[in-house]
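Chain by chain, the residues run as shown.
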Amino acid sequence: MSESLFADASKRLARAMKYVSISDDALEYLKYPKASLTVSIPVRMDDGSLRIFQGYRVRYDDTRGPGKGGVRYHPNVSLDEVQSLAFWMTFKCAVLNLPFGGAKGGITVNPKELSKLELERLSRGYIDAIADFIGPDIDIPAPDVYTNPTIMGWYMNQYSIIRRQLTPAVVTGKPLSLGGSMGRDTATGTGAFFVIETMMAKFDCPPQQTTVAVQGFGNAGSVVAELLAKAGYKVVAVSDSQGGIYAKKGLDIPSIRRYKEANKGLQALYCEGSVCNIVEHEIITNEQLLALDVDVLVPAALENQITETNVDHIKAKYIFEVANGPITSAADRVLEAKGIYVIPDILANAGGVTVSYFEWVQNRSGMYWSLEEVNQQLKRKIVAETENIWKISQEHAIPMRTAAYAYALQRLGEALSAKGTRHYYAS
Ligand code: GLU
């Protein structure tokens with residue numbers, strides 16, 4: 001794609017503007033990231049050589065609260081990508097009415113090529129480089145693609161060493177032993193499941209008669225696949241970066257999850273006790289998974305998966321964006337014309353940041369919640385906002401994505417105006 005990811009992401013804003021009454025000044029603010037930091041991170045490798053890695057942190061907007069968003073470790077990380085992800089975080093936090101702005105970070109690296117000690121030195125080096133740019137009231141990192149609680153623990157520890165003060169609220173998604181929240185590890189998938197349940201009831205699709213394909217079997221995709229299967233949905237295909245598996249009769253997701261954890265790959269299995277049998281299945285590519293004739297498609301991997309080049313092959317009736325930005329704006333228009341419903345990332349995958357918010361609240365209050373409490377609060381919040389966005393989309397006869405952006409824009413616009421824009425001074 002020749003156009004930048006950010007230019008494409010911004011188009012969603014332009015479309016939603018028509019449905020809200022916010023000041024021109026507020027809109028102007030929201031077209032640009034507030035601050036972007038690029039850093040070089042020197043890392044002493046295990047063989048004694050020195051490597052310099054590129055890292056980024058972008059705070060897109062902090063009108064409604066400190067910046068919030070994960071840190072991604074991936075070979076394709078660029079400033080353009082981090083900026084787009086920070087933009088999405090801004091709208092995601094506003095959709096869920098969390099007292100946060102939007103931010104994101106990333107390091108251009110293939111973490112699978114590093115030893116654990118190299119990964120730790122890189123992670124601590126990243127915090128050394130961005131320490132003045134983050135803080136519990138400034139900007140709060142969290143996990144994203146290929147980062148996890150262990151890395152968040154290193155971040156928190158490194159930041160606390162720099163500040164000479166234990167500061168758990170500077171990062172979320174930490175291990176439980178360092179102030180992490182119950183349910184944060186499964187929050188993105190759990191939140192997505194609540195959104196899917198809410199929407200599928202409106203579409204009058206009973207689980208037992210609904211087939212699902214999930215692209216991406218990581219932290220979000222594997223959890224949502226398992227919850228859907230448990231609720232009676234027929235999950236017929238899943239994939240990871242290596243490719244996918246398809247079984248018309250449906251897959252046994254818990255068995256596949258266990259296999260993936262032990263062997264780092266996918267295998268269509270059915271396990272009872274410790275005995276696992278390989279079930280009849282087809283090996284498919286990610287491209288084929290996206291084109292399956294299923295009711296529900298869940299892209300839960302990376303951005304730019306459904307584009308102008310493959311959108312004509314999509315046969316699913318409902319798409320839930322559990323990844324950030326899996327559909328380009330051009331593909332969006334084609335899906336809309338085909339009558340395919342898209343439930344946008346800024347709602348469908350907001351469960352992760354919502355429980356991050358709960359973690360931050362717990363760190364600051366010193367009171368810790370049970371898993372039941374966390375999941376109950378998550379459900380209450382994400383179902384209520386799904387209903388609100390559905391109402392807007394019905395009222396104006398617009399897609400859920402445009403409705404979600406309009407809804408978030410209203411909250412952001414009001415906050416920006418209250419802070420004092422030209423509109424405020426004029427009146
Ligand atoms: N990386 C996740 C996201 O894209 C979670 C961010 C957070 O918890 O701050 O929403």
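Residues numbered from 1 in each chain as written. Predicted model: local features only at pLDDT ≥ 70, side-chain atom pairs only at ≥ 80, totals over all residues. Heavy atoms only, no water.

## Quick look at the overall build of the protein
Summing up its helical and strand segments, the protein has 15 helices and 15 strands in all. Its C-alpha atoms give the protein a radius of gyration of 21 Å, within 12% of the compact-globule value 22 Å for 427 residues. Taking the principal axes of its C-alpha atoms as reference, the protein extends roughly 60 × 60 × 45 Å. The buried share among the 427 residues of the protein stands at 58%. Long-range contacts, defined here as pairs at least 24 residues apart, represent 68% of the contacts in the protein between residues at least 6 apart. (Helix = DSSP H or I, 4+ residues; strand = E, 2+ residues; numbered from the N terminus. Rg over C-alpha atoms; globule rule 2.2 N^0.38 Å. Buried < 20%, exposed > 50% of the residue type's maximum accessible area, 1.4 Å probe, protein only. Contact = heavy atoms within 4.5 Å.)

## Here's the deal with the pairing of strand E13 (residues 296-299)
Of the two faces of E13, the one holding Val296 and Val298 and the one holding Leu297 and Pro299 are both buried throughout. Bridge count for E13 against strand E14 (residues 318-320) is two bridges, and the pairing is parallel. Pairing of Val296 across the sheet is with Tyr318, part of E14. (Pairing = 2+ DSSP bridges.)

## As for the packing of helix H12 (residues 351-365) against helix H13 (residues 371-396)
Each pair of packed helices gets described by two things: the angle between the helix axes and the distance between those axes. Running from N to C, H12 and H13 cross one another at 130°; their axes reach a closest spacing of 10 Å. Between H12 and H13, the angle falls in the class oblique. With respect to the hand of their crossing, H12 and H13 are arranged in right-handed fashion. Every residue of H13 that contacts H12 at Gly351, Thr354, Val355, Phe358 and Gln362 is listed here: Val374, Gln377, Leu378, Lys381 and Ile382. (Axes fitted to C-alpha atoms, helices over the stretch in contact; angles between N-to-C directions. Parallel < 35°, antiparallel > 145°, perpendicular 65-115°, else oblique. Left-handed = near helix turned anticlockwise from the far one by under 90°.)

## Here we look at the state of the cysteines
Under the counting rule described, the total for this entry stands at one disulfide. Each disulfide pairs two cysteine sulfurs, and for Cys271 the partner residue is Cys276, the sulfurs being separated by 2.1 Å. In this structure, the disulfide formed by Cys271 and Cys276 twists by about 105° around the S-S bond and is classed as right-handed. A residue is classified by how much of its surface remains accessible, and Cys271, at 10% relative accessible area, is buried. (Disulfide = S-S within 2.5 Å.)

## Quick look at the sheet that holds strand E9 (residues 243-246)
On the basis of which strands lie adjacent, the open sheet formed by seven strands has the order E12-E9-E8-E7-E13-E14-E15 and mixed pairing. The strands lining the two open edges of the sheet, one partner per strand, are strand E12 (282-284) and strand E15 (341-343). With direction set aside, neighbouring strand axes in the sheet form an average angle of 20°. Against the sheet, helix H6 (residues 187-202) makes contact with E13, E14 and E15, and its axis sits at roughly 160° relative to E14, the strand it touches most.

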